[in-house]
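Chain residues, written in single-letter form:
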Amino acid sequence: MRVQGFPWYNTLDMEETKIRNRVRSFERDVFEMPEMAADLGKGRTFFIHTYGCQANVRDGETLAGMLVNMGFTEAGDVDDADLVIFNTCAIRKAAEDHVFGEIGNLKHRKEQNPEKIFALCGCMAQMPAVVERIRTAYPQIDLVFGTHNLDRFPRLLQDFLDRRERTFAVESVPGSVIENLPVQRTSAYKAFVNIMYGCDKFCTYCIVPYTRGRERSRMMEDIVREIKEFKASGGKEVTLLGQNVNAYGKDLGMEDGFTDLLNACADTGIDRIRFYSSHPRDYTVSSIEAMRTRENIMPALHLPVQSGSNDVLRRMNRGYRIERFYELFDDMKARIPDMTFTTDLIVGFPDETDEQFEDTLKLVDYCKFDLAYTFIFSPREGTPAAGYADGIPMRVKKERLQTLNDRISLYARQKNQGYIGRELLVLCDGPSKKNPDTYAGYSEENKLVNFTGRNIQEGDFVKVEITDAKSYTLDGRAAERKGL
Ligand code: SF4
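Residues numbered from 1 in each chain as written. Predicted model: local features only at pLDDT ≥ 70, side-chain atom pairs only at ≥ 80, totals over all residues. Heavy atoms only, no water.

Undergrad: Before we move on, could you go through the site of the ligand and cite the residues and values that matter?
TA: Taken together, Cys199, Lys201, Phe202, Cys203, Tyr205, Cys206, Val208, Pro209, Gln243, His279 and Arg318 make up the full set of residues adjacent to the ligand. For the shell around the ligand, the class distribution of residues is seven nonpolar, two polar and two charged. (Near = heavy atom within 4 Å. Nonpolar A, V, L, I, M, F, W, Y, C, P; charged D, E, K, R; others polar.)

Right, dumping it as structure tokens:
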């Protein structure tokens, strides 16, 4: 067995990671497929199981692109694949437990077919405790590689196949920016485009700065080129991805890099631009102005606030006071009244009092979010908040979550009912998963719309008259197809 990654392999240490992240230079390179790996996949199949956020989905597309370039073909499921990759998420314990359950089930498959290769990558692979558990208790996993080693995957796979020796490539480094990585996109019309990687914010509950390295931006010309190429191939919508897109370009010395990037992306003429995710700390009025003035930047903002209480925000190390969030919200609503506004909220942060939870409800009452992703605090080993004293019983946390969800659902439904009778422009994703007689797609405001119509294809823009509203979806009928 080979373990690469000392000295970081045995520890997840905040101070060490912060020191690591102070390194201001990191590798910029261009990916080239190693010659020896080019034919590795001939006659072999692969299946990638992706968990978690859009960054992981995008990583999964990169892995698929590499595998196709190596001659692999995609299998329909785990059973039909010669190589199975678990592309994992570490943001919450429940996600981690789920993956352990899945890989535990692989044991008998490996016994039946020892030639089958099982690999695990993504954020879990950057957590030393997880890696140690896999090393000692999950011998069916052949190859573990971290988020910092994505570009080395063909070489690691080739090494494994040459030696058939379990391999762990999990070093924690400041990170790199590697261009020209292959990609096999899951949609011909919608694309995730990484604009930056990593995060320097060190929220006390979050594992991401440890698993994804320091904030580092791609060069603007590389991002714009990717969007132009996607548009030229028929692409219609891009989502710019980063843990904190508002910090784009800071490491490149740009003053207002995200606004400059938004404008440069809008200049490509692609039909729709979205971005995910934002941070209140780095928000600039100029980026909201870009959203207001450029018609291909969609009027939908996801701005995670996490709590309505200043004390909780301070202990989370979020870097802003709640008054700042209220100000931002008012300013955005004044500039773009029709903009939809979504957020993330954590309940049951260690020792969160009733009053602090009430502050979160007050915030929800004020903002009436279109949607909020809500979570009970999940301690992540090695992060500061995992060591905070917490006297709040899980029963209370669950009750708070229910109260919060009921409130959010109420406002979401009210907001959605305001769309009844209006016409929204929807980019069709194809037949609805739940009902193949209807279509589904997202409006400019990022509302999920199920609608009836005829002869509509995935990738069509359709004007849809909204006839009904639920908390999280709208129903409607196609009024007219645009641009066909
Ligand atoms: S800004 Fe987001 S990704 Fe970064 S540490 Fe905070 S919660 Fe995690």
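So, next bit.
Undergrad: Kindly report on helix 3 (residues 93-104), identifying the contributing residues and their values.
TA: With twelve residues, helix 3 extends 16 Å between its outermost C-alpha atoms, agreeing within 8% with the 16 Å of an ideal straight helix rising 1.5 Å per residue. Each element contacted by the buried residues of helix 3 is listed here: strand 5 (83-88), helix 4 (107-112), strand 6 (117-122) and helix 5 (128-137). (Helix = DSSP H or I, 4+ residues; strand = E, 2+ residues; numbered from the N terminus. Expected span 1.5 Å × (residues − 1). Contact = heavy atoms within 4.5 Å.)

Undergrad: How would you summarise the nonpolar core if you had to cite specific residues and measurements?
TA: One finds Leu240, Phe275 and Leu301 to be the most contacted residues of the largest nonpolar core, which totals 55 residues. Per-element accounting of this core gives the leading share, six residues, to helix 9 (residues 257-267). In this structure, Leu301 is in contact with Phe275, Ser278, Tyr283, Ile288, Met291, Met332, Met339, Thr340, Phe341 and Thr342, ignoring residues within four places of it in sequence. By size, the runner-up hydrophobic cluster in this structure holds 30 residues, among which are Ala90, Ile103, Ala125 and Val144. (Core = buried A, V, L, I, M, F, W, Y, C linked by side-chain atoms within 4.5 Å. Buried < 20%, exposed > 50% of the residue type's maximum accessible area, 1.4 Å probe, protein only.)

Undergrad: How would you summarise the packing of aromatic side chains if you had to cite specific residues and measurements?
TA: Per the stated rule, a full pass over the model turns up 14 aromatic pairs. Between Tyr205 and Phe349 the ring centres are 6.4 Å apart and the planes differ by 85 degrees, which places this aromatic pair in the edge-to-face class. In this pair, Tyr205 sits in the loop between strand 11 (196-197) and helix 7 (208-212) while Phe349 sits in the loop between strand 16 (340-347) and helix 13 (354-367), placing the two residues 144 residues apart along the sequence. We classify Tyr205 as buried; its relative accessible area is 11%. On the accessibility criterion, Phe349 (0% relative accessible area) is buried. The interplanar angle of 85 degrees and the centroid separation of 6.2 Å between the aromatic rings of Phe325 and Phe341 together place this pair among those described as edge-to-face. With Phe325 in helix 12 (residues 322-335) and Phe341 in strand 16, this residue pair connects regions lying 16 residues apart in the sequence. According to the relative accessible area criterion, Phe325 is buried, its value standing at 0%. Residue Phe341 is classed as buried on the basis of its relative accessible area, which comes to 0%. Grouped by ring-pair contacts, the aromatic residues Phe325, Tyr326, Phe329, Phe341, Tyr366 and Phe369 constitute a single cluster. (Phe/Tyr/Trp six-rings, centres within 6.5 Å; stacked < 30°, edge-to-face > 60°.)

Undergrad: Kindly report on the domain arrangement of the protein, identifying the contributing residues and their values.
TA: By the assigned domains, the protein splits into domain 1 (2-175), domain 2 (185-417) and domain 3 (423-482). If you look at the interface, domain 2 gives 22 residues, while domain 3 gives 19 residues. Between domain 2 and domain 3, the buried area comes to about 1700 Å², and carbon and sulfur atoms account for 50% of it. On the surface where domain 2 and domain 3 come into contact, there are two salt bridges. The salt bridge involving Asp429 is made with Lys190; its shortest N-O contact spans 3.1 Å. At the junction of domain 2 with domain 3, the criterion picks out 13 residue pairs in polar contact (both at pLDDT 80 or more). Class assignment of the residues belonging to the side of domain 2 that touches domain 3 gives a composition of seven nonpolar, six polar and nine charged. (Domains from an automatic or database assignment. Buried area = accessible area lost by both parts, 1.4 Å probe. Salt bridge = Lys/Arg side-chain N within 4 Å of Asp/Glu carboxyl O. Polar contact = N/O pair within 3.5 Å; in protein donor to acceptor, adjacent residues only side chain to side chain.)

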